[in-house]
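Residue-level structural notes
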Amino acid sequence: MKRLFAFPRFCLAGLFAAVIAFGGCAVSGSGETENNAVLTLMTWNIHNLFDGKDDGYEYAEFLQSSGWSNEKYRGRINTIADAVHKIGALPDIIMFQEIESLQILEDIAALLKRDYLWSHFAGNRESAAGLGIISCIPITDIKTHSITIGGDTTPRPVLETRIQAEHGGFIVFICHWKSKTGGDNTELIRRASVRVILRRIHEIWKDEPDTGIIIAGDLNENFNEFYIQGSGIICALLPDDPDCAALAGDTEEGQKDFIVVSGDMPPVPVCFPEETVVLYSPWVNELEGGTYYYRNKWETIDHFLVSIQFFDNSGWEYDNTSIVNYEPFGDLNGVPVSYNQRTGNGLSDHLPLLLTLKSKNGN
């Protein structure tokens, strides 16, 4: 794998089939490979994956003084690679959350039996972990969006990637939004992330109305968060129902910092104005359970949100989404098997999601 850029927190400039715009990112890649008929994307919060070196930003338990080491790191990424191979056909594109650096992405890619020739990492300065992508499909444009609200920068940026697949290009926003640690105020921080994404969607569709959009990652918000919170506040994700539309209609700005999710194919606004950005969520009707098990209850905080262009019988079409809840990712009940630092067993406290696209032109 040709390594072009590997500064772990912020990059200065770089160009290889990619244009990097403002923010913190690292890039590597060369070559091309593609399945003409089917594309599979995977998103996975891998839960605090650090290498064996002390860089000064790690959580305390992942310092060498706490017993963390390169040997333990290598053992963990080997376990991760072995697990991914058990999925069957390896995903064409894999997106990780809670990783420390580009080097980790490259190390995992080297262990997988496919040519993941494109790798990108994004993280904020002095943050312990960021997010990234490895891909067998060319990535031709990268933008990293750091988000500030009230003088504070969100823990992780939003990574915007343009996938140049043979039967049509599309854009994936890779996310790890603010967790709920900190109470009700965290909703405003998640909505700030949405504000940036919506601005970019409008900019993209102004010039490229046929370009599909996918939002992927750990959004730290259930698809039905509005109901969970008592149907009284605007959440970063809102269902397309009259109560939400009425509440949002009371705001002066309209749809500036929330995404409407729907189980309809294609996703079009029913209760909201026709210009509203509505994305398909497989959690609404397609999936059961969740990807994160917290206090004996499933949460649906990991997402693929898919735009209307994947339902127009042209180019890449949405096929299905599935939860990777079998061993070794989950136990016999499908509950995530978390990584145990002491024993080296387990993987993550989140389950991966798989999204399959099929090309109408490739069938």
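Scroll up to find the structure this text is about.
Everything in this summary refers to the structure shown in the same document. (Residues numbered from 1 in each chain as written. Predicted model: local features only at pLDDT ≥ 70, side-chain atom pairs only at ≥ 80, totals over all residues. Heavy atoms only, no water.)

**A closer look at the environment of Asp-331**
Note the cut-off: Counting from the N terminus, the helices are the DSSP runs of H or I reaching at least four residues and the strands are the DSSP runs of E reaching at least two. Any two residues whose heavy atoms approach within 4.5 Å are treated as being in contact. Definition of a polar contact: a pair of N or O atoms within 3.5 Å, with one able to donate and the other able to accept a hydrogen when the atoms are protein atoms, and with sequence-neighbouring residues admitted only if both atoms are side-chain atoms.
Tracing the backbone shows Asp-331 in the loop between β19 (316-323) and β20 (353-359). Asp-331 sits 15 residues away from Gly-346 along the chain, and the two C-alpha atoms are 9.8 Å apart. If we ignore the near neighbours within four places in the chain, the residues touching Asp-331 are Asn-325 and Val-337. From its side chain, Asp-331 meets the backbone nitrogen of Asn-333 in a polar contact 2.8 Å long.

**Points about the packing of aromatic side chains**
Rules: Each Phe, Tyr or Trp ring (for Trp, its six-membered ring) is paired with any other whose centre lies within 6.5 Å, and the angle between the two planes then decides the class: stacked below 30 degrees, edge-to-face above 60, tilted in between. Charge over a ring is defined by NZ of Lys or CZ of Arg lying within 6 Å of the ring centre and within 35 degrees of the ring normal.
For the structure shown, the criterion picks out eleven aromatic pairs. With a centroid separation of 6.1 Å and 15° between ring planes, the pair formed by Tyr-292 and Tyr-294 is classed as stacked. Feature note: the residues Trp-44, Phe-96, Tyr-326 and Phe-329 constitute an aromatic cluster, connected by ring pairs. Stacked on the ring of Tyr-339, the Lys or Arg Arg-76 has its end atom at 4.2 Å from the ring centre.

**Here's the deal with the pairing of strand β3 (residues 38-49)**
We count it as follows: Partly exposed describes any residue whose relative accessible area lies between the buried limit of under 20% and the exposed limit of over 50%, with all areas from a 1.4 Å probe on protein chains only and scaled to the type maximum. Any two strands with at least two DSSP bridges between them are considered paired.
Among the twelve residues of β3, ten are classified as buried, and the element is accordingly described as predominantly covered. Inspection of the sheet shows β3 paired to β20 by six bridges, in the antiparallel sense. Bridge pairing in β20 links Met-42 to Leu-354. Of the strand pairs in this sheet, β3 and strand β4 (residues 93-99) are connected by six bridges, and their pairing is parallel. Its bridge partner being in β4, Leu-41 is matched across the sheet by Ile-93.

**Here we look at unusual backbone geometry**
Geometrically, the link from Met-265 to Pro-266 is a cis peptide bond, its omega value of 5° lying close to zero. Here the phi dihedral of His-47 falls at roughly 70°; this positive angle occurs in a residue that is not glycine. Turning to its location among the elements, His-47 is positioned in strand β3. We classify His-47 as partly exposed; its relative accessible area is 24%. If you check the backbone angles, Ser-231 has positive phi at about 60° while not being a glycine.

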